Amino acid sequence: MELVINGESRQFPSPLTVAELVAALHHAGKRIAVERNGDIVPRGRHAETALVDGDRIEIVVAVGGG
């Protein structure tokens, strides 16, 4: 399946959930926000939110500092 992640087209095996995508991108355990096709996916729904071919995903990683 083809997903567009932060503007870049990438290929992934299907089926795939948001949680599996986050793990595949090595973001598991990090403070992130995930948007799927313009809608925020709450962290509690990552494991149950299935992705489909053509989904547009935006992932923002929180960076600490001061």
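Reading guide: rules and limits
- Residues numbered from 1 in each chain as written.
- Predicted model: local features only at pLDDT ≥ 70, side-chain atom pairs only at ≥ 80, totals over all residues.
- Heavy atoms only, no water.
- Core = buried A, V, L, I, M, F, W, Y, C linked by side-chain atoms within 4.5 Å.
- Buried < 20%, exposed > 50% of the residue type's maximum accessible area, 1.4 Å probe, protein only.
- Helix = DSSP H or I, 4+ residues; strand = E, 2+ residues; numbered from the N terminus.
- Pairing = 2+ DSSP bridges.

Looking at an unreviewed UniProt entry, the protein carries the name Thiamine biosynthesis protein ThiS, with the source organism given as Accumulibacter regalis.

Caption draft 1: Spatial organisation of the nonpolar core. Core analysis: the biggest nonpolar cluster contains 15 residues, and Leu3, Ile5, Leu21 and Leu51 have the highest contact counts within it. Broken down by secondary-structure element, the contributors of at least two residues to this core are strand 1 (2–5), helix 1 (18–24), strand 4 (32–36) and strand 7 (56–61). Examining the composition of this core, we find that three residues originate from one element, helix 1, more than from any other.

Caption draft 2: The arrangement of the sheet that holds strand 7 in detail. Spatially, the five strands line up as an open sheet ordered 2-1-7-4-5, and their pairing is mixed. In this open sheet, the two edge strands, each paired with only one partner strand, are strand 2 (8–11) and strand 5 (39–40).

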